[in-house]
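This is what each chain is made of:
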Amino acid sequence: MRLHFCKDQLLLTRLQSETRESASRGRNTFCVPLALTGSEAASGMMADKVETDESDKKAEIERSKSEGKELTKEEKQRLRKEKKQQKKNKEKKDDATKPDGSSVPPSQKAPSSVPAAGADATATSDKAVKSKVELKAERRPRHDSDRSSKQGKKRESSQQQAASAAKPKVPPSELQPVVKRLPEHVQVDDPDVVKKLAKKLERQQTPAHAEKIPLRSDYGYKVSLFSHLHQYSRKAPLTQQVGIPSSVIHPAIVRLGLQYSQGIVAGSNARSVALLHAFKQVIRDYTTPPNEELARDLVNRLKPYISFLNQCRPLSASMGNAIKYIKKEISNIPNHCKEDEAKSKLLNCIDCYIDEKIVLAAKAVAEIAIGKISDGDVILVYGCSSLVNHILYEAFNMGRKFRVIVVDSRPRLEGREALRRLVQHGISCTYILISVVSYILPEVSKVLVGAHALLANGYMMSRVGTSQIALVAKAFNVPVLVCCETYKFCERVQTDSFVSNELDDPDNLIVTRKGKTQLAHWQEVRSLGLLNLVYDVTPPDFVDAVITELGMIPCTSVPVVLRVKSVDQ
Amino acid sequence: MELQAVMMAAGGGSRMTDLTYNTPKAMLPVGNRPLIWYPLNLLERVGFEEVIVITTKEVQKMMSTDLKLKMDVKMKLDFVCIPEDEDMGTADALRHIQPKIKTDILVLSCDVITDVALHEVVDLFRAHDATLAMLMSKAHEFTETVPGQKGKKKAAEQRDFVGVDQSGKRVLFMANEVDLEDGLSIRKSILNKHPRMLIKTGLVDAHLYCMKKAVVDFLTDNKSISSVRGELVPYLVRKQFSKARSSPKPKDDTDEQSQTKSDNSPNNELLISSRDDRLLQLAQERSCWNDHHGDMSEAYHGGKLRCYVHIMDQGLCYRVNTIAAYIEANRLVPKLLFEEPAVHPSAVISERCQMGSDSMIGALCHIADKTSIKRSTIGSSTTVKEKVRVTNSIIMHGVTVEEGCNIQGSVICSNAVIGRGSDLKYCLVGCGQRIEDAAERTNEVIVGTDQLMEI
């Protein structure tokens with residue numbers, strides 16, 4: 001690791017100026033260098049890399065970002081040459097395992113691993129090795145010549161790079177076999193991608209009607225670091241563009257989308273349950289058109305609904321997993337099955353899924369967690385997590401004597417609801433805002449937080465502020481326990497909160513006191529941007545254990561669980 | 001299907017008999033279109049494809065022959081005729097069409113002219129799973145002089161008191177001044193749940209309601225309710241806060257005791273009974289949202305029945321049920337219909353006619369020379385001869401205005417004839433009336449003798 005740092009420090013100085021330029025375009029997509037695929041993580045390599053200190057990480061991020069840019073730019077130049085050289089280099093494949101090449105596959109695989117599963121990496125390592133060699137060989141002589149010319153072409157090239165970086169790598173099969181396109185919801189600042197999304201929504205017509213799913217437009221000025229994400233306003237709901245007796249989209253889905261965008265259904269579990277409830281209604285009202293198969297047609301019917309819901313509020317990881325499950329179940333319906341039978345089977349599946357993955361899982365988690373709660377404990381919770389609340393109710397019912405400190409933060413102030421529920425149950429609580437959490441931590445014996453998703457590299461995505469609490473708790477040596485059901489485990493990999501996040505309505509940050517609103521005309525002030533983040537990412541070294549229904553596992557075992565789950569299915 | 005639209009067009013226009021004794025209210029021309037065109041247009045713009053129209057046979061006949069309606073309205077109109085002699089209230093009409101109702105309904109009255117964004121009302125209905133969602137608007141003072149009104153306008157009696165919660169969306173209280181004899185009393189339980197209530201009086205009810213299907217089913221069992229606005233809506237608003245008990249028990253409030261028996265069975269019906277109540281319940285439990293803060297109760301205080309209102313503060317919303325409203329609507333409607341030219345292409349207007357920009361001329365009119373038409377609406381097939389001055393007036397179809405007339409601030413109904421040289425100020429001339437030559441009338445209602453007999 002250290003070797004690379006020294007070797008490429010030369011690149012750093014030159015490219016830092018470039019990165020500053022393109023940082024405004026949010027090119028942090030490439031700072032996922034340490035995002036290793038599952039197999040490598042399992043082998044334990046990740047543990048070392050993750051433990052590097054802050055400055056190293058930053059430098060490596062910039063280095064690999066620059067490398068990524070270089071790769072794309074060089075790809076465009078080298079495409080023709082490489083077709084010739086591939087034949088020659090097939091022989092060199094075997095002796096290509098250089099020790100310092102190990103960092104290159106992470107960076108090469110970086111964009112690919114964003115949506116890719118771990119299994120793919122091993123299969124394509126051969127191809128990656130071959131391209132590794134070429135890149136190394138060709139990059140060195142070119143560095144010196146390029147350095148001088150780059151200064152002049154800087155502006156031109158950065159735009160080109162940005163454009164090329166946004167587009168899918170061409171041709172992926174030859175160089176980077178596992179590279180997939182970046183998801184559209186993190187490329188909002190690229191107009192081409194937005195146009196593509198609009199076209200995709202148009203194409204996704206429901207078969208019976210020729211109307212398209214409306215495209216929700218962004219609202220307000222977006223802070224430059226997050227300009228690649230969507231930002232919608234609550235006052236402009238998507239239902240404005242959908243006709244009133246909504247015949248294009250099933251009314252249950254319109255209702256659900258409205259409830260999501262207004263925040264009436266909030267929280268990972270609640271959203272998944274509501275989604276499955278709406279799907280049940282869709283399935284009940286579904287009739288197979290003639291000459292079509294239920295298995296294929298129903299899945300196609302669900303696609304525009306899912307895009308609609310995505311426009312109302314970006315889908316959560318748990319919802320994504322639930323959708324995958326349903327689609328799989330629908331596709332697995334045998335052809336000879338009659339419609340009624342198939343429908344009742346599907347409804348049954350949905351009920352089973354909810355019972356197993358949410359209700360029973362919550363019970364199992366509670367049982368395990370209660371083992372960790374002892375009398376006299378002071379437990380700190382953040383925000384309103386349905387699972388953590390459930391655990392506390394169960395612990396209280398079993399007779400444990402503890403008290404709870406509820407930490408809350410603006411603008412959502414979800415802690416008020418958690419406080420109300422806990423106090424109603426009889427638990428004695430203290431309520432503080434997140435700004436004073438370090439004052440209260442000496443009293444706390446453990447921290448219990450809920451998660452929105454657990455990522456494949458062990459990072460945890462949760463409500464914004466959780467990573468802060470985990471950090472402070474770590475500084476005070478207070479154990480942090482994360483409660484998460486396994487259906488929220490996600491194959492995505494992220495190390496920072498910028499790449500993929502959700503931007504809530506910036507107007508929610510505005511406060512009116514005594515009739516005066518200071519930020520009433522914030523849009524007119526050119527130099528002011530309001531940022532209302534929803535999620536943040538906590539690294540695994542701040543988390544001591546994850547309590548799932550399979551037991552208490554360390555953060556790094558998430559990919560193992562995912563692999564076991566996929567084997568089961 | 002999500003919503004079925006129901007249009008109530010059987011009303012008699014009891015507050016403007018002078019205008020409606022010959023023409024049914026639904027077909028009164030406003031801006032040279034029948035009144036019913038406006039709500040139908042609203043529904044069509046929003047995306048409805050069919051409407052159930054409850055009306056009388058006469059109106060149905062007129063509607064099927066009316067050109068404008070046939071051309072402009074592309075929706076499928078399902079006419080349900082109710083016999084004219086029976087005195088059917090709006091709720092009775094809903095009961096009558098109960099077999100046709102398969103989903104939640106959107107009830108409209110034929111006399112509402114508005115440019116509201118309908119999704120605002122329907123979104124409240126959808127998002128909060130409300131039993132009732134309605135539309136109200138801030139009332140505007142009518143500035144025009146009403147023909148035939150002698151003396152000053154009486155102080156607004158029969159005000160409506162509407163109590164809304166802090167967010168301005170939930171209806172907590174609704175009563176008419178007539179029903180409140182010795183003052184406005186609000187139950188303590190309501191105040192406990194909603195400590196801040198805003199009581200508004202200057203609101204116009206647009207008579208646009210989004211209702212659950214369960215309400216229509218409830219109406220079939222409760223034959224005592226006959227009017228939607230007068231009885232059903234206040235009943236539902238009150239029912240939000242009644243204690244839902246499964247077994248009939250004497251309630252604490254004295255005014256509820258007499259209705260205990262009848263209350264309990266409808267209570268069960270009005271409650272939401274979807275097949276997946278368990279899942280909805282689970283989702284609501286797990287969701288960290290509450291509609292109010294500060295007390296220990298869950299979202300919506302655990303109530304299943306909710307009534308919401310959307311109060312428009314900008315935009316047009318008129319209910320044309322009085323003569324003053326009718327005149328005001330005619331004045332403001334040209335602003336709504338910007339896609340239509342003010343002058344119909346088939347009208348014949350001579351060059352020496354002075355026409356103001358805010359006037360509307362209907363089809364097949366003949367306007368002769370030296371006439372001056374300002375701020376007026378002239379219906380189709382009307383003949384206006386020379387040297388006529390028409391200001392601030394409404395002239396309906398088939399009217400003949402002879403030379404030298406001066407019409408100011410008046411309403412001339414269809415097929416009337418105004419004699420030569422007459423001077424009419426703030427008059428209302430009924431259908432088919434003939435004003436003699438050189439008549440001078442001010443502030444009068446001129447109707448036929450048969451009309452007078454009806455009173």
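Keep in mind the model is a prediction, meaning the values are calculated, not measured. (Residues numbered from 1 in each chain as written. Chains lettered and ligands numbered in written order. Predicted model: local features only at pLDDT ≥ 70, side-chain atom pairs only at ≥ 80, totals over all residues. Heavy atoms only, no water.)

### What about the overall build of chain B?
The criterion, for reference: Strands are runs of DSSP state E lasting at least two residues, helices are runs of H or I lasting at least four, and both sets are numbered from the N terminus onward. With a 1.4 Å probe rolled over the protein chains alone, any residue whose accessible area is under 20% of its type maximum counts as buried; one over 50% counts as exposed, and the rest are partly exposed. We call two residues contacting when some pair of their heavy atoms lies within 4.5 Å. Here, Shrake-Rupley sampling with a 1.4 Å probe gives the accessible areas, and only protein chains in the shown set may cover a residue.
When helices and strands are tallied, chain B shows 14 helices and 32 strands. When the 455 residues of chain B are sorted by exposure, 53% land in the buried category. The long-range fraction of contacts in chain B, counting pairs at least 24 apart against all pairs at least 6 apart in sequence, stands at 56%. Accessible area for chain B stands at about 20900 Å²; split by element, carbon and sulfur atoms hold 49% of it.

### As for the overall build of chain A
If you tally the helices and strands in chain A, you get 18 helices and twelve strands. Out of the 569 residues belonging to chain A, those deemed buried represent 56%. The long-range share in chain A, meaning contacts at least 24 apart out of those at least 6 apart in sequence, stands at 80%. Element-wise, carbon and sulfur atoms account for 53% of the exposed surface of chain A, whose accessible area totals about 25600 Å².

### So, the sheet that holds strand β9 (residues 160-164) of chain B
Residues and elements named next belong to chain B. In plain terms, the rule: Between any two strands, at least two bridges found by DSSP are needed for them to pair. Axis geometry follows a simple rule: fit a line to the C-alpha atoms, using only the stretch in contact for helices, then measure angles between N-to-C directions, giving values from 0 to 180 degrees.
Read across the open sheet, the three strands follow the order β10-β9-β11; overall the sheet is antiparallel. The two strands at the open ends of the sheet, each matched to only one other strand, are β10 (171-176) and β11 (198-200). Mean inter-strand twist for the sheet, computed between neighbouring axes without regard to direction, equals 15°. Both β9 and β11 contribute to a ladder of three bridges, which runs antiparallel. Across the sheet, the residue bridging to V164 is L198, located in β11. Contacts from helix α9 (residues 228-239) reach β9 and β10 within the one sheet, and its direction differs from that of β10 by about 145°.

### What to know about the pairing of β10(B)
Residues and elements named next belong to chain B. Buried residues dominate β10, accounting for five of its six residues. The sheet contact formed by β9 and β10 spans five bridges and is antiparallel. The residue of β10 that forms the bridge with V164 is V171. Connecting β9 to the next strand, β10, in antiparallel fashion are six residues, including G168 with a positive phi near 80°.

### Side note on the domain arrangement of chain B
Residues and elements named next belong to chain B. Quick reminder of the rule: The start and end points of each domain follow an automatic or database-based domain assignment. Accessible surface is computed with a 1.4 Å probe, and the buried area is the amount of it that two parts give up when combined, taken over both parts together. For salt bridges, the criterion is a side-chain nitrogen of Lys or Arg within 4 Å of an Asp or Glu carboxyl oxygen. Think of a polar contact as two N or O atoms within 3.5 Å of one another; within protein, one of them needs to be a possible hydrogen donor and the other a possible acceptor, and neighboring residues in sequence only count if both atoms come from side chains.
Each domain of chain B was delimited in the assignment, giving domain 1 (4-150 + 158-181 + 189-244 + 303-333) and domain 2 (342-446). On a C-alpha basis, the centroid separation for the pair domain 1 and domain 2 is 33 Å. Taken over both partners, the interface formed by domain 1 and domain 2 buries close to 1700 Å², and the fraction arising from carbon and sulfur atoms is 58%. The three residues of domain 1 that bury the most area against domain 2 are N32, P147 and R331, which together make up 31% of that side's buried surface. Viewed at the interface, domain 2 and domain 1 are joined by zero salt bridges. Connecting domain 1 to domain 2 are one residue pair in polar contact (both at pLDDT 80 or more). When residues of the side of domain 1 that touches domain 2 are traced back to their parent elements, those giving at least two are α1 (17-20) and α13 (323-336). Here the side of domain 1 that touches domain 2 takes five residues from α13, the largest share from any one element.

### Quick word on the nonpolar core
Condition: Definition used in this section: a nonpolar core is a set of buried Ala, Val, Leu, Ile, Met, Phe, Trp, Tyr and Cys residues joined via side-chain atoms within 4.5 Å.
With 70 residues, the main nonpolar core has M7(B), L19(B), I36(B), L43(B), F48(B), I113(B) and Y326(B) as its most contacted residues. Among the elements that line this core, the one with the most residues is α13(B), at eight residues. Not counting chain neighbours up to four residues away, the residues in contact with Y326(B) comprise L19(B), L28(B), P29(B), V30(B), V320(B), I394(B), M396(B) and V411(B). If you look at the next biggest cluster of nonpolar residues, it comprises 51 residues, including Y260(A), V273(A), Y325(A) and I333(A).

### Topic: the packing of aromatic side chains
To keep things clear, this is the line we draw: Only the six-membered ring of Trp is used, alongside the rings of Phe and Tyr, when aromatic pairs are assigned; centres must lie within 6.5 Å, and planes under 30 degrees apart are stacked while those over 60 apart are edge-to-face, with the rest tilted. Definition used: whenever NZ (Lys) or CZ (Arg) falls within 6 Å of the ring centre and also within 35 degrees of the ring normal, the charge is taken to sit over that ring.
Counting across every chain of the model gives six aromatic pairs over all chains. Relative to Y487(A), the ring of Y353(A) has its centre 6.3 Å away and its plane inclined at 90°; by these criteria the two rings are edge-to-face. Pair noted here: Y353(A) is in helix α13 (residues 339-370) and Y487(A) is in the loop between β7 (480-483) and β8 (512-513), with a separation of 134 residues, a long-range link. Overall, the relative accessible area of 5% leaves Y353(A) in the buried class. Seen from their ring centres, W37(B) and Y38(B) are 5.2 Å apart, and the 90° between their planes marks the pair as edge-to-face. Considered together, W37(B) and Y38(B) belong to a single accessibility category, that of buried residues. An aromatic cluster is present here, built from Y325(A), Y353(A) and Y487(A) joined pairwise through their rings. If you follow R33(B) out to its NZ or CZ, it ends over the ring of W37(B), 3.9 Å from the centre.

### Section: the interface of chain B and chain A
Defined as follows: In this classification, the charged set is Asp, Glu, Lys and Arg, the nonpolar set is Ala, Val, Leu, Ile, Met, Phe, Trp, Tyr, Cys and Pro, and all remaining amino acids, among them Gly, are polar.
Taken together, the contact between chain B and chain A spans 35 residues of the former and 39 residues of the latter. The junction of chain B with chain A conceals about 3400 Å² of combined surface from both sides, 58% of it contributed by carbon and sulfur atoms. Counting the surface chain B buries against chain A, the share from its top three residues, R126(B), R286(B) and C288(B), is 23%. Here chain B and chain A share three salt bridges between them. We note a salt bridge from R278(B) to D351(A), for which the minimum N-O separation is 3.4 Å. The tally of links between chain B and chain A comes to 16 residue pairs in polar contact (both at pLDDT 80 or more). Only α6 (118-127) and α12 (277-286) of chain B provide two or more residues apiece to the side of chain B that touches chain A. Broken down by element, the residue count for the side of chain B that touches chain A peaks at eight residues, all from α12(B). Of the residues contributing to the side of chain B that touches chain A, the split by class is 15 nonpolar, eight polar and twelve charged.

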